[in-house]
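# Observations on the three-dimensional arrangement
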Amino acid sequence: MTPLKVIGVGVSRSGTNSSKFALETLGYKTHHIREMIENDLHPERVIDAYKNPEKSVDWNELYGDFNNGVEFPTFCFVDRLIEYFPDAKVILTKRNPDVWYKSVINTICKLRNEITSDNYQEYAVLNRELIKMICLNGLASEGEAIYDQLEVVKARYKAHNKYIMETVPAERLLVLDLRDGMIWDKLCTFLDKPIPLEPFQFLSLYSNSSPKILVRFFSST
């Protein structure tokens, strides 16, 4: 078990896949929703942590040998993780709310309907229920609300980002806005890492070896 050194708190579809690739280029092993769908990383433990916030959680055990968490479900446990890992640095990725919303509709909303017990292991299906249950306070489980209430959805997204910037101590937080460009300089300076020779890559698809559903999920805009 390895303590988290970096906590990525950007909401899904806000540059998190590019962050995953960048952090792995810098030597981190990244916990990500993709890893949870492709492998049994015990989503039932995450569900239990969410349903029982008063219970003590061994986050080291939950994250195993990952030393960096990006994407879902990490961004849903910000307050608890920054307290449990006081030395971890925190990265918030964000983008234009309207562009973000369009990306969510084209990807996450489709994902929740496509992973079924006919095609995927039980833990993958359980992760689908996990996404519906806790992402942006359960927004994906509220029927068609995510399609019909644009301003409500964007308000929750903005509220999450605002909460991060008001809660995480400034010296621990790096904000990367896609509108400003995500470059090595900012990230490597923050993490005290040498700048790689290769250009920073903006990725929607991390690997061509993914199952078809993940290719569709991560490659859509």
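Sequence order as written defines the numbering, with residues in each chain counted from 1. A pLDDT threshold of at least 70 governs which residues receive local features in this predicted model, and a stricter bar of 80 or more applies before side-chain atom pairs are shown or counted, although totals over entire chains, interfaces and linings include all residues. Water and hydrogen atoms play no part in the side-chain values, which are based on all heavy atoms of the structure.

A separate point is the overall build of the protein chain. Counting secondary structure elements, the protein chain contains 12 helices and 5 strands. Burial statistics for the protein chain: of 221 residues in total, 53% are counted as buried. Relative to all contacts within the protein chain whose residues are 6 or more apart in sequence, the contacts with residues 24 or more apart total 78%. Carbon and sulfur atoms make up 50% of the accessible area of the protein chain, which amounts to about 10500 Å² in all. Elements are defined by DSSP. Helices are runs of H or I of four residues or more, strands are runs of E of two residues or more, and each kind is numbered from the N terminus. For each residue, the accessible area found with a 1.4 Å probe, counting protein chains only, is set against the maximum for its type, and the residue is called buried under 20%, exposed over 50%, and partly exposed in between. Residues count as neighbours in contact if any of their non-hydrogen atoms are within 4.5 Å of one another. With residues, only the protein chains shown are counted as cover, and all accessible areas are computed by Shrake-Rupley using a 1.4 Å probe.

In regular strands, side chains alternate between the two faces of the sheet. In terms of burial, strand β5 (residues 173-177) is largely enclosed, as 4 of its 5 residues are buried. Pairing between two strands is assigned when DSSP locates at least 2 bridges connecting them. The sheet contact formed by strand β4 (residues 89-94) and β5 spans 5 bridges and is parallel. Paired with Thr 93 across the strands is Leu 176, a residue of β5.

For the rest of this paragraph, the subject is the packing of aromatic side chains. Stacked, tilted and edge-to-face pairs are distinguished by plane angle, under 30 degrees for stacked and over 60 for edge-to-face with tilted covering the rest, among Phe, Tyr and Trp rings (Trp via its six-membered ring) whose centres lie within 6.5 Å. One pass over the full model with this rule turns up 5 aromatic pairs. Between Trp 59 and Phe 77, the aromatic rings sit 5.1 Å apart at their centres with planes inclined by 55°, giving tilted as the arrangement. Taken together, the positions of Trp 59 in helix α4 (residues 59-63) and Phe 77 in the loop between β3 (68-69) and α5 (78-84) put the pair 18 residues apart, joining distant regions of the chain. Between Tyr 84 and Phe 85, the aromatic rings sit 4.9 Å apart at their centres with planes inclined by 70°, giving edge-to-face as the arrangement. Residue Tyr 84 is classed as partly exposed on the basis of its relative accessible area, which comes to 34%.

Of all 6 residues making up β4, 5 are buried, and the element is well covered by its neighbours. By the bridge criterion, 3 bridges tie strand β1 (residues 6-8) to β4 in an arrangement that is parallel. Looking at the pairing, Gly 8 lines up with Ile 91 of β4.

Below, the discussion takes up the nonpolar core. By size, the foremost hydrophobic cluster in this structure holds 38 residues, and its most contacted members are Ile 7 and Trp 59. Secondary structure elements with two or more residues in this core: α2 (33-38), α3 (43-51), α4, α5, β4, α6 (97-106), α8 (122-134) and α10 (150-167). Ranked by residues supplied to this core, first place goes to α6 with 4 residues. When near neighbours in sequence (up to four residues on either side) are disregarded, Trp 59 contacts Ala 49, Phe 77, Arg 80, Leu 81, Tyr 84 and Phe 85. Core analysis: the second largest hydrophobic core is formed by 16 residues, Leu 23, Tyr 28, Leu 176 and Phe 200 among them. Side-chain atoms within 4.5 Å are what join buried Ala, Val, Leu, Ile, Met, Phe, Trp, Tyr and Cys residues into a set we call a nonpolar core.

Before going further, it helps to examine the sheet that holds strand β2 (residues 30-31). Through backbone hydrogen bonds, the strands of a sheet pair up, either in parallel or in antiparallel fashion. Strand order across the open sheet formed by 5 strands is β2-β3-β1-β4-β5, with parallel pairing between neighbours. Because the sheet does not close on itself, it has two edges, and the strands there are β2 and β5. Only the stretch in contact is used when fitting a helix axis, every axis being a line fitted to C-alpha atoms; angles between N-to-C directions are given from 0 to 180 degrees. Relative to β4, α10 is tilted by about 150°, and along the sheet it contacts β4 and β5. Contacts from helix α11 (residues 184-191) reach β1, β4 and β5, with the element oriented near 170° to β5.

What follows concerns unusual backbone geometry. The phi angle of most residues is negative, glycine excepted, and most peptide bonds adopt the trans form. Here the residue pair Phe 72 and Pro 73 is connected by a cis peptide bond, since its omega of 0° sits within 30 degrees of zero. With respect to the element layout, Pro 73 can be found in the loop between β3 and α5. One non-glycine residue, Glu 71, lies in positive phi territory at about 80°. Residue placement: Glu 71 occurs in the loop between β3 and α5.

Here we take up the pattern of salt bridges. Note on definitions: salt bridges are taken to be side-chain nitrogens of Lys or Arg within 4 Å of carboxyl oxygens of Asp or Glu. One pass over the structure, following the stated rule, counts 9 salt bridges. Lys 55 is the partner of Asp 48 in a salt bridge, and the nearest nitrogen-oxygen pair spans 2.9 Å. Judged by relative accessible area, which is 39%, Lys 55 ranks as partly exposed. Note that Lys 154 and Glu 151 form a salt bridge whose closest N and O atoms lie 3.6 Å from each other. Taken together, the positions of Lys 154 and Glu 151, both in helix α10 and 3 residues apart, correspond to about one turn of that helix. One salt-bridge network, in which partners are shared between bridges, spans Lys 20, Glu 24 and Glu 35.

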